[in-house]
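Given next are the chains, with one letter for each unit.
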Amino acid sequence: MKFDTPATTNPIDRLRVIGQPLDRIDGPLKVTGTARYAYEQHDVAPGQAYGYVVGSAIAKGKIVSMDLAAARRAPGVLAVVTAENAGKLDKGKRNTAKLFGGPQIEHYHQAIALVVAETFEQARAAAQLVVVKYQEEKGAFDLAALKGAAPNAPSEEDSPTQSAVGDFAGAFASAPVKLDQSYTTPDQAHAMMEPHASIARWDGDKLTLWTSNQMIAWGVGDLAQTLGIAKENVRLVSPFIGGGFGGKLFLRADILLAALGARAAKRPVKVALQRPLMFNNTTHRPATIQRIRIGATPDGKITAIGHESWSGDLKDGQPELATQQTKLLYAGANRMTSLKLAVLDLPEGNAMRAPGEAPGLMALEIAMDEMAEKLKIDPVEFRIINDTQVDPEKPKVPFSQRQLAECLRQGAQRFGWDKRSATPGTLRDGKWLVGMGVASAFRGNLVMKSGARVTLGKDGIVTVFSDMTDIGPGSYTIMAQTAAEMMGLPIDKVKVELGDSSFPASAGSGGQWGANSATSGVYAACVKLREAVVQKLGFNSADAVFEDGAVKAGNRAVPLTQAAGDGEITAEDTIEFGDLDKTHSQATFGGHFVEVGVDAATGEVRLRRMLAVCAAGRILNPKSARSQVIGAMTMGAGAALMEHLVVDKRRGFFVNHDLAGYEVPVHADIPHQEVVFLDETDPMSSPMKAKGVGELGICGVGAAVANAIYNATGMRVRDYPITLDKLLDRLPALS
Amino acid sequence: MKSFTYERATTPTEAASGAARNPGARFIAGGTNLLDLMKLEIEVPRHLIDVNGLALDTIEPTPDGGLRIGALVRNTDLAADARVRRDYGLLSRALLAGASGQLRNKATTAGNLLQRTRCPYFYDTNQPCNKREPGSGCAAIGGYSRQLAIVGVSDACIATHPSDMAVAMRALDAKIETIKPDGATRSLPIAEFYRAPGDTPHLETTLTAGELITAVTLPKPVGGKQIYRKVRDRPSYAFALISVGAIIQPDGSGRVTVGGVAHKPWRIEAAEAQLPQGAKAVTDRLLATARTTEDNAFKLPLVERTLAAVLAEARA
Ligand SMILES: Cc1cc2nc3c(=O)[nH]c(=O)nc-3n(C[C@H](O)[C@H](O)[C@H](O)COP(=O)(O)OP(=O)(O)OC[C@H]3O[C@@H](n4cnc5c(N)ncnc54)[C@H](O)[C@@H]3O)c2cc1C
Ligand code: SF4
C-alpha cells in the first residue's frame, strides 16, 4: 500500500481497540520470566558452547603478537578465534569501526579474540590467559582540544550539516537583545538492561542467530556482508529485547563473534558482551560542544538564531546532529546551523535515544531560558511568541500538526507555573532551594516502509507476522490492537509473532518511527485480508463492516471464522510512504515542566515533580505510550544530573565502564511524574494518524532540569551533567 | 576467575590455621565483594575458606555495657538490631545508607570492614594500579579521580575506603577482635586497623597472614545526637562522594568522622576540640594535610558544608 495522500476515515478511527489503555499482551510472559531473551534460548540449539570476548587493552595501535597457547590448553576450551584465524571479514555498511579488531586497533575494548569453551566459567578463565603484545600509537581523545581545527561534517543527501537562511550575522549583530553562549554535553552510554547477546548455529552454510537487535533486516544484510555469505543464508530471530535505545540498531561484536565461534567450534555458540566491556566496545552518544546565538527584539521576537555543534567520532564516522531541532523549532528570519566533526580515537559514536535532539535541546532550551530572562519575558511565553506553523527554513512547508504552544500553555496551567518565582534563588522549603523549569520538546516524525503478513485461522484467530521488534515499548500490543481494530475482533483473538527475519521486513525499532510505521504495515496487510474475506464470503467490499467478530452489510452478518472454514486465509502487504513528509513537516511536540530541590548545604539536586504534555498524533495505547514517556523523562533526568562517560584523555577510554561507575537514575531519583497527551490525529503521518512518542519524552527534559536548578539557585550551569561540584562554590553561605 | 580449592571451616582456629597452611588463601563471608573481584581476576586466591559456618553471627552485650558483634552478623541484621538502633544510631544509619537491601542481607560485619576500594582503575586490569599489582604505577593519579582521596594519600595511591559502616565504627571507637593461626587472639582499636597507603597500597590493614576477624566490639553507649550524612550523585545505591558521621553531645562537644576522603574513615580527635568553633574550624584541622586533584578538590568545601549542616541538625 502506498501512503501518498492524507488519510481519510478508516476502520482505525472507530477506536474500539486502538487508543485504549490495554495491558501488554506479552506482559504475563515478562513478569513470569517466560519471555525468553537471546541468551536464554537454551533449547533452540542443542550443545551450546560459551564464548567470552577479549577486548583490546589499548585505544589505538597494533597488535604485535598474540599468544593463545595457554588459553587453548585451558580446561574446556573448544576454540580461540581471532581476526587472524577467522578468515576474511568485511565490514557491515552501518558499522564505523570493525567489530573484530586486529592487528589494527581502532578503539579501547575493541574485540580482539573470542574464547569458546564448554562452560561460561571456563571460557572466562581461558580468556584471561590470552597474552597480547601491542604497539601503542598516539591517539586523539580530547574533543575540546580538537575543536578549533574540526572541519564541517560531511553532508548526506537528505541531511545537510550546514544551513543558512537570510543574513544571520547581520541580524545577530544588530539585534537589540542577544545571547552568545556555549554548552557541553558529555558522552553517554545506552546502559540498557540486557547486554548485547547472541546464539549462533550453523546448518551447513545456513546460519541462524538468536539475538537482541532492533533492526532485523539491517542486521541480516550487514552480517551477510561482514561474513561474505549470501543474505538468504542468514536468519535472525529476536523476539524479545531488553532495551536498546539505539545501541542495538546495528550489529555488534556479540553476533559476529557468535557466528565465528560456532563455525570454529563446529557447534552452537552463545556470546553476551560482558558488562564492563560494553561501554567501550559498543557505541555511545557522542559528547558535544555547542554554541548558540540568539538575537531578538525587546518584545521577544527572535530575529536571528544560530546553532553550531562540535562532536567527534572515529575516522569516517558521523556527527551528533545536535542542531537538528534548531532548524525547525522557533521562528526567526535569519538563521544558521553548522555541524563540525573531529576525528577521535574513542569508541564509535552513534545513535542513542533521540540522537540529535536529545543533546541539542539540552543546550538550546537553556539558551531559550537565558534569553527569556534577558528579555524579562516569562520563558513559557517567550517560546510561544516564537512559535511557527511553517518550517522556518522553508516557509512554504507547513507543519502537518503543531501544538507546541498548546502543550506549553496546558503544561503551565497544570503544573502551577504561576507559582514560580521569576527571581531565581528566592524560594526555600526547609533545607531545599526550590525552583521550576520548563523546556520545549521536539522530535521529528520519521516514517519507514514496513511490511506484515496476517492470517485468519480456522479458529478465528488472526495472527500477525512481521520482523518488527519489541524493545520494550509494547510493539506486540499495538500491532495486535491494530489487527483487532481492522478485523473487528477483541484483542484476545489476535496473536503477534515478531522479530524473525523469515517474516516480512518491517520498519524495525528506531528513531521513534516503529510504532506508527509498523502498525501501518499491519493496517495495510489487514486491508488485504479484509478484501480476501469479503470476497470469500461474497460481500460487496464497499459496504462490508467488520465488527464483533463478524462481517456485516445491510442485514446480513457472517461470523469471521466462516471465511476460514475451509482453510486459513493469508494476506501480506507493505506500507510505503510517499512524499507527505516532504510537503509537510512532520514532528512531535511537547512541554516539559520540572520542579527541583537543591540542598542548600551540599548542592545535591533532587527532583520533586515532573510533567510532560505531549502532542504526538494519535496515541495508539495511552498506557504503553505513558510508559514510554515516563521512561524517557527518567533518562532525561539521568542526562541532566549524572550520566557521563568520563574520558581518560591520556589513555583514550571511558573510565567508568560499569554500572557502578556509570550512574543512571534509580527509583529514589524519580518523583511524581505526570504525562498528558493532547488530543491529536495526524492524517499526513499514516493511516494510523499516529506518530512516535518514545523519543519525544527525553527531548528537552535535561534543559528543564537545568532551568529549574537555575530558578532554584540562581546558578546557570552549562556543562552537563549538573553534579553538585558545579554548584558548590556558589551556594549560600552556611551559618 | 582462576580455579581455586574451597573448604568450609567449622571453628575460628581451624579457619585461621587453614589460611596459614594455604598461602594465598582468602576467607569468604557474604562474598559480595570478593566474588566480584575474583571474576575480574583482581583477586586471585588459590584457596577459599568459607567462614559462614563459624557461628559468629550473634550480637551480645559485653560486661562493660557495650556490644560484641559477631564477624558474620549481616549488615541488615546489625542495622535492625534494637540495641544498635537505640544506643548506636550512627551505626544503623550508616549501614542503611550503604549498598542495597539485597546486598546488605549478604554482607557481613567483617567483610564490610575489608571491602576493597572502588577506584575505577583498580577494576580495570588493563590499567596500572599499585594496589592491584604492586609496582605497576597508579593510573588514577593524573587520570579520573573525582571519587578519590584527598587526605592520607601517597604518590603510589589515592584510593578511598568505600565503607559507610566503617565510618560509624570509627566514630564509635569500635575494636576489632581477631584470632591468629596459632590461636592467639587480640583486640585492636579501629584507629589502628587500616594502614596508610605509603609505598605499599596493596597492604590495607594491620591484620597478619591468616588472621581472622571474629568480632567487632562497641564500648558502652556515648549518647548524643548521632547523625550519618552521606552525599552522593544519586540518592540511593551509590558510594559516597563524602560522608560525615557525627556524635554531638548537648554541650556541643562530640566526635566527627569523615568517609570518602581517605584510605580509611578519617577522624582526628584533635579536630573535634574545634567543634565549638564550628564546621570550618573542625574541617580546617581535619583536612589540614589535604592533597587534592582538580577532579576532587570540591570535596574540601563539601566536607565543610556537610558538617555545618550536620551540626545545625544536631543543634535543632
Ligand atoms: C553494587 C554494590 C554496591 C555497594 N554499595 C555500598 C555502599 O554504598 N556502601 C558500602 O559501605 N558498601 C557498599 N558495598 C559493599 C558491601 O558493603 C560489601 O561488598 C560487603 O560489606 C562485603 O561483605 P561480605 O561479607 O560480602 O564480604 P566478602 O566479599 O565475603 O569478603 C570481603 C573481604 O573480607 C574478607 N573477610 C571476610 N570475612 C572475614 C573475616 N571474618 N576475617 C577476615 N577477613 C574476612 C574476605 O577475605 C575478603 O577479602 C556495595 C557492594 C556492591 C556489590
Ligand atoms: S589510586 Fe590506588 S587503587 Fe586507584 S589506580 Fe592508583 S594505585 Fe590503584
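Definitions and cut-offs
- Counting of residues starts from 1 at the beginning of each chain's written sequence and follows it residue by residue.
- A letter from A marks each chain and a number from 1 marks each ligand, given out in the order of writing.
- Local features in a predicted model are, by the rule used here, given only for residues with pLDDT of at least 70; side-chain atom pairs are given and counted only at 80 or more, and totals for whole chains, interfaces and linings are based on all residues.
- Side-chain descriptors were evaluated using all non-hydrogen atoms of the structure, hydrogens and water having been removed beforehand.
- Numbered from the N terminus, helices here are DSSP runs of H or I no shorter than four residues, and strands are runs of E no shorter than two.
- Burial classes follow relative accessibility: with a 1.4 Å probe on protein chains only, a residue under 20% of its type's maximum area counts as buried, one over 50% as exposed, and anything between as partly exposed.
- Only heavy atoms enter the contact rule, under which two residues are in contact if any of them lie within 4.5 Å.
- We compute the radius of gyration from the C-alpha atoms alone; for a globule the expected value is 2.2 Å times N to the 0.38, where N is the number of residues.
- Here, Shrake-Rupley sampling with a 1.4 Å probe gives the accessible areas, and only protein chains in the shown set may cover a residue.
- In this tally, Lys and Arg are treated as positive and Asp and Glu as negative; His is ignored, and so are the chain termini.
- Taken as the charge centre is NZ of Lys, CZ of Arg, CG of Asp or CD of Glu, depending on the residue.
- We call a residue near a molecule or strand as soon as one heavy atom of that residue lies within 4 Å of the molecule or strand.
- Residue type decides the class: Asp, Glu, Lys and Arg count as charged, Ala, Val, Leu, Ile, Met, Phe, Trp, Tyr, Cys and Pro as nonpolar, and the leftover types, Gly among them, as polar.
- To obtain each axis, a line is fitted to C-alpha atoms, and for helices this fit is confined to the stretch in contact; angles are then taken between N-to-C directions over 0 to 180 degrees.
- Roughly parallel means an angle under 35 degrees; roughly antiparallel, over 145; roughly perpendicular, 65 to 115; everything else is oblique.
- Each crossing gets its hand from how the near helix is turned against the far one by less than a right angle, where anticlockwise is left-handed and clockwise is right-handed.
- Each nonpolar core is a collection of buried residues, namely Ala, Val, Leu, Ile, Met, Phe, Trp, Tyr and Cys, held together in the definition by side-chain atoms within 4.5 Å.
- Between N or O atoms, a polar contact is any pair within 3.5 Å; within protein, one atom must be a potential hydrogen donor and the other a potential acceptor, and residues adjacent in sequence are included only when both atoms are from side chains.
- By convention in these notes, a salt bridge is any Lys or Arg side-chain nitrogen within 4 Å of a carboxyl oxygen on Asp or Glu.
- The criterion for strand pairing is that DSSP finds at least two bridges linking the strands in question.

Q: Hey, could you run me through the overall build of chain B in this one?
A: For chain B, the count of helices and strands is 11 helices and 11 strands. Principal-axis analysis of the C-alpha atoms places the extent of chain B at approximately 55 × 50 × 35 Å. Within chain B, the proportion of its 316 residues that are buried is 57%. Taking contacts inside chain B between residues at least 6 apart in sequence as the whole, the part at least 24 apart equals 61%.

Q: Any chance you could explain the overall build of chain A here in plain terms?
A: When its secondary structure is counted, chain A shows 17 helices and 32 strands. In terms of overall dimensions, chain A is globule-like: its C-alpha atoms have a radius of gyration of 27 Å, near the 27 Å expected for 735 residues. Each principal axis of the C-alpha atoms in chain A carries an extent, and together these give about 80 × 75 × 50 Å. Pairs at least 24 apart in sequence give 81% of the contacts found in chain A among residues at least 6 apart. For chain A, the exposed surface amounts to about 25,800 Å²; the carbon and sulfur share of it is 52%. Of the charged side chains in chain A, 79 are positive and 81 negative; the average position of the first set lies 2 Å away from that of the second.

Q: Whenever I open this one, the site of ligand 2 confuses me. Can you help?
A: Around ligand 2, a shell composed of 13 residues is seen, among which C119, C129, C138, C157 and I158 of chain B lie nearest. The residue inventory of the shell around ligand 2, partitioned by class, reads 11 nonpolar, 1 polar and 1 charged.

Q: What is the right way to read the packing of helix 12 (residues 475–487) of chain A against helix 13 (residues 514–537) of chain A from this model?
A: Helix-helix packing is characterised by the crossing angle of the two axes and by the distance between the axes. Residue and element names in this part refer to chain A. The contact between helix 12 and helix 13 brings their axes to 9 Å, and the two run at 30 degrees. Accordingly, the angle class assigned to the pair helix 12 and helix 13 is roughly parallel. The hand of the helix 12/helix 13 crossing is right-handed. Mapping the contact onto sequence places I478, M479, T482, A483, M486 and M487 in helix 12 and A515, A518, T519, V522, Y523, C526, V527, L529, R530 and V533 in helix 13. Along the lines of polarity and charge, the residues of the contact of helix 12 with helix 13 split into 13 nonpolar, 2 polar and 1 charged.

Q: Explain the nonpolar core to me, please; I cannot follow it from the model alone.
A: It is characteristic of soluble globular proteins that their nonpolar side chains tend to be buried jointly. By size, the foremost hydrophobic cluster in this structure holds 121 residues, and its most contacted members are F593, V596, V598, V705 and I709 of chain A together with V261 of chain B. V705 of chain A has contacts with V594, V596, L607, A640 and L641 of chain A, leaving out every residue within four places of it along the chain. L223, V234, L236 and F279 of chain A belong to the second-largest nonpolar core, a separate cluster that totals 73 residues.

Q: Please explain the side chain of R234 of chain B as it appears in this structure.
A: Position of R234 of chain B relative to the elements: it lies in the loop between strand 9 (225–231) and strand 10 (242–248). Exposure remark for R234 of chain B: the relative accessible area of 4% places this residue in the buried category. Engagement of the side chain of R234 of chain B in a polar contact is seen with the backbone oxygen of V664 of chain A, the distance being 2.6 Å. Sequence-distant contacts of R234 of chain B, defined by excluding residues within four places in its chain, comprise R606, M642, L659, E663, V664, V666 and D669 of chain A.

Q: Would you mind showing me how to read the pattern of salt bridges here?
A: A side chain with one charge can pair with a side chain of the opposite charge if their charged atoms come near. By the definition in use, this model includes 66 salt bridges over all chains. Put simply, E604 of chain A and R229 of chain B hold a salt bridge, and the shortest N to O gap is 2.5 Å. A residue pair is termed interchain when its members come from two chains, as with E604 of chain A in the loop between strand 28 (587–599) and strand 29 (605–615) and R229 of chain B in strand 9. With respect to burial, E604 of chain A and R229 of chain B carry one shared label: buried. Between D173 of chain B and R267 of chain B there is a salt bridge, with the nearest N and O atoms lying 2.9 Å from each other. Here the residue D173 of chain B occupies a position in the loop between helix 8 (165–171) and strand 6 (175–179), and R267 of chain B occupies one in the loop between strand 11 (254–259) and helix 9 (269–272), the gap between them amounting to 94 residues. Each of the salt bridges in this network shares a partner with another, and the network as a whole consists of R170, D173, R255, R267, E269 and E272 of chain B.

Q: Please clarify how the sheet that holds strand 10 (residues 197–203) of chain A should be interpreted in this entry.
A: The pairing of strands in a sheet comes from backbone hydrogen bonds and takes either a parallel or an antiparallel form. All names here are of chain A. Taken in spatial order, the 7 strands of this open sheet run 4-6-2-13-10-11-12, and their pairing is mixed. Each end of this open sheet is capped by a strand with a single partner; those strands are strand 4 (77–82) and strand 12 (234–237). Here the average twist between neighbouring strands, direction ignored, is 20 degrees. Here strand 2 (residues 49–55) pairs with strand 13 (residues 269–272) via 3 bridges, running parallel. Across the sheet, the residue bridging to A49 is V269, located in strand 13. Sitting on the sheet, helix 6 (residues 216–227) is in contact with strand 10, strand 11 (206–211) and strand 12, with an inclination near 140 degrees to strand 12.

Nothing here speaks to function; it is all geometry.
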